[in-house]
Amino acid sequence: MKLAVISTLVASAAAFSVTPSNVGKAAQAGAAAAAIVAGTAIAPAFAGDVGAGEQVFNANCAACHAGGQNVIMPEKTLEKDALEQYLAGGRNEKAVMTQVTNGKNAMPAFGGRLSDEDIANVASYVITTSEAGWDE
């Protein structure tokens, strides 16, 4: 809350001392304050909690994808190379979120079962673990 108040004060002070030479600076200060208050300057768009994602994965995904494998379609694993090759949209959190939410082929949709936050966390876990390598 203090950060929001300070940001607002900075933007307000800049607005009252605007001259033609610093209009751009005032606009930047106002935009920065708004971004801080909105929280957009703090976290990237799809940054999920990897630890929470692991828990959700183990409870919902591991039956078919234990160790990053795929018991239904063995070539379509959660390994880095396979995600790059088979995942619509490439190996990124947004693409994982889309597939988990909507399902595809034999994979059911989890959009009605898991919250958006849980899905984002699973996506972060899958991408992070595919980069580091799955423990089998």
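Please refer to the structure higher up on the page.
Residues numbered from 1 in each chain as written. Predicted model: local features only at pLDDT ≥ 70, side-chain atom pairs only at ≥ 80, totals over all residues. Heavy atoms only, no water.

Take the overall build of the protein next. Along its length, the protein carries 7 helices and 0 strands. Secondary structure elements of the protein, listed N to C terminal, follow the sequence α-α-α-α-α-α-α. A total of 136 residues make up the protein; the buried ones form 30% of that total. Across the protein, every contact between residues at least 6 apart in sequence was considered, and the portion connecting residues at least 24 apart equals 54%. With an accessible surface of roughly 8400 Å², the protein has 59% of that area assigned to carbon and sulfur atoms. (Helix = DSSP H or I, 4+ residues; strand = E, 2+ residues; numbered from the N terminus. Buried < 20%, exposed > 50% of the residue type's maximum accessible area, 1.4 Å probe, protein only. Contact = heavy atoms within 4.5 Å. Areas by Shrake-Rupley, 256 points an atom, 1.4 Å probe, with all protein chains shown as cover.)

Turning to the packing of helix H3 (residues 50–60) against helix H7 (residues 116–132), a few remarks are in order. With their axes 7 Å apart at the nearest point, H3 and H7 run at an angle of 100° to one another. On the basis of the axis angle, H3 is roughly perpendicular to H7. Residue-level inspection shows Val50, Ala52, Gly53, Glu54, Val56 and Phe57 of H3 in contact with H7, the latter providing Asp118, Asn121, Val122, Ser124, Tyr125, Val126 and Thr128. (Axes fitted to C-alpha atoms, helices over the stretch in contact; angles between N-to-C directions. Parallel < 35°, antiparallel > 145°, perpendicular 65-115°, else oblique.)

Among the structural elements, Leu83 can be located in helix H5 (residues 80–86). Exposure remark for Leu83: the relative accessible area of 5% places this residue in the buried category. Apart from the residues within four sequence positions on either side, Leu83 is in contact with Thr77, Leu78, Gly90, Arg91, Val126 and Ser130.

With 17 residues, H7 extends 24 Å between its outermost C-alpha atoms, agreeing within 8% with the 24 Å of an ideal straight helix rising 1.5 Å per residue. Within the span of H7, buried status applies to Ile119, Ala120, Asn121, Val122, Ala123, Ser124, Tyr125, Val126, Ile127, Thr129 and Ser130. Count one or two residues on from H7 and you reach Gly133, which has phi positive near 105°. (Expected span 1.5 Å × (residues − 1).)

The next point concerns helix H6 (residues 93–102). When we look at burial in H6, the residues that qualify are Glu93, Ala95, Val96, Met97 and Val100. If you follow the buried residues of H6, they end up packed against H7. N-cap assignment for H6: the residue whose side-chain oxygen lies 3.1 Å from the backbone N of Lys94 is Asn92. A positive phi of about 70° marks Gly103, the residue just after H6. (Polar contact = N/O pair within 3.5 Å; in protein donor to acceptor, adjacent residues only side chain to side chain.)

So, about the pattern of salt bridges. Overall, the coordinates contain 3 salt bridges when judged by the stated rule. With a shortest N-O distance of 3.4 Å, Glu131 and Lys80 are connected by a salt bridge. Of the two residues, Glu131 is situated in helix H7 and Lys80 in helix H5; the sequence distance between them amounts to 51 residues. Linking Glu131 and Arg91 is a salt bridge whose minimum nitrogen-to-oxygen distance equals 2.8 Å. Pair noted here: Glu131 is in helix H7 and Arg91 is in the loop between H5 and H6, with a separation of 40 residues, a long-range link. When salt bridges that share partners are traced, they join Lys80, Glu84, Arg91 and Glu131 into one network. (Salt bridge = Lys/Arg side-chain N within 4 Å of Asp/Glu carboxyl O.)

Residues Arg91 and Leu78, 13 residues apart in the sequence, show an inter-C-alpha distance of 9.5 Å. Arg91 has contacts with Lys80, Leu83, Glu84, Ile127, Ser130 and Glu131, leaving out every residue within four places of it along the chain. Looking at Arg91, its side chain comes within polar contact range of the side chain of Glu131, at 2.8 Å.

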